[in-house]
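# Working through the structure, step by step
Okay, here's what each chain looks like letter by letter:
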Amino acid sequence: MMREKTWRDLIAVADLEPGDATPVALEGRELAVFDTRDGIFVAHARCTHGAANLCDGYFDGRRIECPLHQGLFDARTGVALAAPARVPLRMVEARVRDGLVQVLL
Ligand code: FES
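The sections below set out a description of the structure shown in this document.

Our next topic: the overall build of the protein. Counting its secondary structure elements, the protein contains 0 helices and 11 strands. Ordered by position from the N terminus, the helices and strands of the protein form the series β-β-β-β-β-β-β-β-β-β-β. Its C-alpha radius of gyration of 13 Å places the protein within 12% of the 13 Å reference for a compact globule of 105 residues. With the C-alpha coordinates of the protein rotated into their principal frame, the extents come out at 35 × 35 × 20 Å. For the protein, buried positions account for 28% of its 105 residues.

Attention now goes to the sheet that holds strand β3 (residues 29-36). Ordered in space as β2-β3-β4-β9, the 4 strands form an open sheet in which the pairing is antiparallel. Only two strands of the sheet have a single neighbouring strand rather than two, namely β2 (21-26) and β9 (91-92). Of the strand pairs in this sheet, β3 and strand β4 (residues 39-44) are connected by 6 bridges, and their pairing is antiparallel. Within β4, the position partnered with Ala32 by the bridge is Ala43.

This part takes up the nonpolar core. Core analysis: the biggest nonpolar cluster contains 25 residues, and Ala32, Phe34, Val42 and Leu54 have the highest contact counts within it. Taken together, the elements giving at least two residues each to this core come down to β3, β4 and β11 (100-104). Per-element tally for this core: the top contributor is β3, with 4 residues. If near-sequence neighbours (up to four positions away) are discounted, Leu54 is found in contact with Ala21, Ala32, Ala45, Cys47, Ile64 and Cys66.

A cis amide bond links Ala83 with the next residue in sequence, Pro84, at an omega value of 5 degrees. When you line up the elements, Pro84 lands in the loop between β8 (80-82) and β9. A positive phi angle, close to 65 degrees, is found at Gln70, a residue other than glycine. Take Gln70: it is sitting in the loop between β6 (63-65) and β7 (72-74). In this structure, Asp98 is a non-glycine residue whose phi angle is positive, near 50 degrees. Within the element layout of this structure, Asp98 appears in the loop between β10 (94-97) and β11.

The rules behind these values
Residues numbered from 1 in each chain as written. Predicted model: local features only at pLDDT ≥ 70, side-chain atom pairs only at ≥ 80, totals over all residues. Helix = DSSP H or I, 4+ residues; strand = E, 2+ residues; numbered from the N terminus. Rg over C-alpha atoms; globule rule 2.2 N^0.38 Å. Buried ≥ 20, exposed ≤ 12 C-beta atoms within 10 Å, placed from the backbone. Pairing = 2+ DSSP bridges. Core = buried A, V, L, I, M, F, W, Y, C linked by C-beta atoms within 7 Å. Contact = placed C-beta atoms within 7 Å.

Now the structure itself:
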């Protein structure tokens, strides 16, 4: 039976790298918290093309570039923007409450 999703505390906003991608582990999941110019977004941190952790890539405030083959994703939507990335990132619903980033998992 599927467990109902609940909001979980992930990381304090104050602990994020401002304007950057911060890796956070939660119950065995590797997540990436993107502090974008349009707010905070969370995705599974592994590139959908290979084994890279996207938090090691270049982030320009909206787009994250994979460190391995330079695939490009929109960090707000997960959409793959440049080859070899084709499959979108798995985004996780996120919100900020009382200074904490929370995710619905
Ligand atoms: S592993 Fe990310 S583009 Fe290949």
